[in-house]
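One-letter residues, chain by chain:
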Amino acid sequence: MLSTDHAAANQKALNAAQALGMNSPGGPNAKQKADHDKMSKMTGAGFDKMFATHMVADHQKDIAEYKKASKSKDAAGEYASGQIDTLQKHLDTAKSLKAGN
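The rules behind the values
Residues numbered from 1 in each chain as written. Predicted model: local features only at pLDDT ≥ 70, side-chain atom pairs only at ≥ 80, totals over all residues. Heavy atoms only, no water. Helix = DSSP H or I, 4+ residues; strand = E, 2+ residues; numbered from the N terminus. Expected span 1.5 Å × (residues − 1). Buried < 20%, exposed > 50% of the residue type's maximum accessible area, 1.4 Å probe, protein only. Arc of directions from axis to C-beta. Contact = heavy atoms within 4.5 Å.

Some details on helix α1 (residues 2-19)
End to end, α1 covers 25 Å across 18 residues, agreeing with the expected 26 Å (1.5 Å per residue, within 8%). Looking at α1, one finds that the buried residues are Asp5, Ala9, Ala16 and Ala17. The buried residues of α1 occupy an angular sector of 100° when the element is viewed end-on, so they sit on one face. Residues of α1 that are exposed and angled more than 90 degrees away from the buried face: Ser3, Thr4 and Gln18. On its buried face, α1 sits against α4 (75-100). Positive backbone phi, approximately 70°, marks Gly21, located one or two places after α1.

Listed below in structure tokens is the structure:
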């Protein structure tokens, strides 16, 4: 679900950035790299717990940012508005994973 939804969202984000004449990031930022490096060393239940916790926090933050951005009357606002339901679905799934640990 994450892979499919994020691939589709990334393409829409690239299109929105292009419509605004902006360049998109070429890769993960420093915090994203650090999170990846930390989790890549984990396995089993420890990884599962860390991943679920990270997904809950990340999607909560993203939903707040997307709601704010959705108020813009441009390609970025249109993109953000269209992603909120999917982000909420991901948050609900992450919460259920976290509760299961």
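A look at the environment of Pro25
Among the structural elements, Pro25 can be located in the loop between α1 and α2 (30-40). Measuring from C-alpha to C-alpha, the distance between Pro25 and Leu87 comes to 20 Å, with 62 residues separating the pair along the chain.

A look at the environment of Asp92
Structurally, Asp92 is set in helix α4. Overall, the relative accessible area of 43% leaves Asp92 in the partly exposed class. C-alpha of Asp92 to C-alpha of His59: the two residues are 33 residues apart in sequence and 9.3 Å apart in space.

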